[in-house]
Amino acid sequence: MNHLSLSELCCLFCCPPCPSKIASKLAFLPPEPTYTLMCDESGSRWTLHLSERADWQYSVREKDAIECFMTRTTRGNRIACMFVRCSPNARYTLLFSHGNAVDLGQMSSFYIGLGSRINCNVFSYDYSGYGASSGKPSEKNLYADVDAAWQALRTRYGIRPENVIVYGQSIGTVPSVDLASRYESAAVVLHSPLTSGMRVAFPDTKKTYCFDAFPNIDKISKVTSPVLLIHGTEDEVIDFSHGLALYERCQRPVEPLWVEGAGHNDVELYGQYLERLKQFVAHELVSL
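Definitions and cut-offs
Residues numbered from 1 in each chain as written. Predicted model: local features only at pLDDT ≥ 70, side-chain atom pairs only at ≥ 80, totals over all residues. Heavy atoms only, no water. Helix = DSSP H or I, 4+ residues; strand = E, 2+ residues; numbered from the N terminus. Buried < 20%, exposed > 50% of the residue type's maximum accessible area, 1.4 Å probe, protein only. Areas by Shrake-Rupley, 256 points an atom, 1.4 Å probe, with all protein chains shown as cover. Contact = heavy atoms within 4.5 Å. pLDDT = per-residue confidence, 0-100. Pairing = 2+ DSSP bridges. Axes fitted to C-alpha atoms, helices over the stretch in contact; angles between N-to-C directions. Left-handed = near helix turned anticlockwise from the far one by under 90°. Nonpolar A, V, L, I, M, F, W, Y, C, P; charged D, E, K, R; others polar. Salt bridge = Lys/Arg side-chain N within 4 Å of Asp/Glu carboxyl O. 1 Å grid on protein atoms, 1.4 Å probe; cavity = no way out; pocket = protein on both sides within 12 Å on 5 of 7 lines; lining within 4 Å. Points joined across faces, edges and corners; volume = space filled by probe spheres on them. Core = buried A, V, L, I, M, F, W, Y, C linked by side-chain atoms within 4.5 Å.

(A) Structural context of the overall build of the protein chain. Each helix and strand counted, the protein chain has 10 helices and 10 strands in total. When burial is assessed residue by residue, the protein chain has 51% of its 288 residues classed as buried. If you sum the accessible surface of the protein chain, you get close to 13,700 Å²; carbon and sulfur atoms cover 52% of it.

(B) Quick look at the side chain of Gln 169. Tracing the chain through its elements places Gln 169 in strand S7 (residues 164-169). Since its relative accessible area comes to 9%, Gln 169 is described here as buried. Those residues in contact with Gln 169 that lie beyond four places of it in its chain are Phe 96, Ser 97, His 98, Gly 99, Met 107, His 191 and Glu 268.

(C) Region of interest: the confidence of the model for the protein chain. Taken residue by residue, the protein chain gives an average pLDDT of 89. The fraction at 70 or more is 85%. Of the regions scoring below 50 in pLDDT, residues 8-17 engages in 10 contacts with residues more than four places distant in sequence or in other chains. Under a pLDDT of 50 for its full length, residues 19-25 has, in the predicted model, 10 contacts with residues more than four places off or in other chains.

(D) Inspection of the pairing of strand S2 (residues 46-50) at higher detail. For strand S1 (residues 35-39) and S2, the ladder comprises five bridges, and the chain directions are antiparallel. Residue pairing for S2: Met 38 is matched across the bridge by Thr 47. Linking two consecutive strands that pair antiparallel, namely S1 and S2, is a turn of six residues; a positive phi of about 80 degrees is found at Gly 43 within it.

(E) Representation of the packing of helix H5 (residues 139-157) against helix H6 (residues 173-180) in the model. Viewed as axis vectors pointing N to C, H5 and H6 meet at an angle of 65 degrees, and their least axial separation amounts to 9 Å. Note on packing geometry: the crossing formed by H5 with H6 is right-handed. Of the residues in H6, those in contact with Leu 142, Tyr 143, Val 146, Asp 147 and Trp 150 of H5 are Val 174, Pro 175, Asp 178 and Leu 179. Tallied by class, residues from the contact of H5 with H6 come to seven nonpolar, no polar and two charged.

(F) Geometry of the pattern of salt bridges. The final tally for this structure, using the stated rule, is nine salt bridges. The salt bridge involving Glu 162 is made with Arg 160; its shortest N-O contact spans 2.7 Å. Taking relative accessible area as the criterion, Glu 162 reaches 44% and is therefore assigned partly exposed. In this structure, Lys 219 engages Asp 178 in a salt bridge whose closest nitrogen and oxygen atoms are separated by 2.8 Å. Remark: Asp 178 occurs in helix H6 and Lys 219 occurs in helix H8 (residues 216-219); sequence separation between them is 41 residues. Residue classification places Asp 178 among the buried residues on the basis of a relative accessible area of 9%. Put simply, Asp 147, Asp 178, Arg 182 and Lys 219 are held in one network by salt bridges that share partners.

(G) Main features of the sheet that holds strand S10 (residues 257-259). Read from one edge of the open sheet, eight strands run S3-S4-S6-S5-S7-S8-S9-S10, paired in mixed fashion. Taken across any chain shown, the strands that pair with only one partner, and hence form the sheet edges, are strand S3 (66-72) and S10. Between one strand axis and the next, the sheet turns through 15 degrees on average, direction left out of account. Across the face of the sheet, helix H9 (residues 240-249) comes into contact with strand S9 (227-232) and S10 while running at roughly 165 degrees to S9.

(H) Main features of unusual backbone geometry. Even without a glycine there, the phi angle at Asn 119 is positive, about 60 degrees. For Asn 119, the location among the structural elements is in the loop between helix H4 (104-118) and strand S6 (120-125). Despite not being glycine, Ser 170 has its phi angle at roughly 55 degrees, a positive value. Examined against the element boundaries, Ser 170 turns out to sit in the loop between S7 and H6.

(I) Inspection of the environment of Glu 139 at higher detail. Positionally, Glu 139 belongs in helix H5. Spatially, the C-alpha atom of Glu 139 lies 8.6 Å from that of Pro 175, the residues being 36 residues apart in sequence.

(J) Expanded view of the layout of surface pockets. Of the voids in this model, the largest pocket is the one considered here, and its volume is about 700 Å³. What lines the largest pocket is a set of 31 residues, and nearest its centre among them are Val 102, Met 107, Gln 169, Asn 265 and Glu 268. Looking at the lining of the largest pocket, the elements that each hand over two or more residues are helix H2 (20-26), H4 and helix H10 (271-287). Take the lining of the largest pocket: its biggest share by element is seven residues, from H4.

(K) Focus on the nonpolar core. Core analysis: the biggest nonpolar cluster contains 78 residues, and Leu 94, Leu 95, Phe 123, Ile 165 and Leu 277 have the highest contact counts within it. Of all the elements, H5 adds the most residues to this core, at nine residues. The contacts of Leu 277, once residues within four sequence positions are left out, are Leu 114, Ile 118, Tyr 167, Val 189, Leu 228 and Ile 230.

Shown next, in the form of structure tokens:
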């Protein structure tokens, strides 16, 4: 029997071939861009143009209330940012990290609907390699992308951390938890979150390996802001057990929302989704 060298062993355990289950469930899936950003001659004003695939549901007036711009990350990529002014008297702004197979164009109508119903403005961004953002999607880029978005929200709009709600959906919970483990904010909302890449692909995984991606389970206990977890009990992509496991590790969990019968992509269609967020923003956060 041939003995493996140390470097071969290292390669086997630290750089394993990406299992097909992980690839199919967690590979980055940027869609064909559904929008473009055009810059004026001064180089400071950007205009948003949405394609038909963005499925825009509002009028020109609402579109004019959306401000877009580009900002640079510490890893050298330029990422597209979107500030949606939903409410003139909003106390909080959601820093929203969206799901995997969508971009800002497709999310823009949802942001207006969500923000106006829960009385929050929404600030979002496209990950490297998504929409109008340059570069390629990767785990390291995700963390640099959310940092650049946080800095832009703070400096460009002067919004203080105590007025920011860090909101992540699906893969977007990864940059959200990473950011929230390093900066305090008003609150964190984790919508259909994952514990780690290996645990999605191999549900019996009990510990975090050095080659595991997206280790939310190891970072969540460092989050000092209040955390609201939202998960469908019939989630077919990221099992409901992930939401439960993260809830158990939170320092400051609030009453979670477990949506009976909901899957991975339809939680927001259930009435209790908006009701829980309204209650959280309008009443609980004020008294925390």
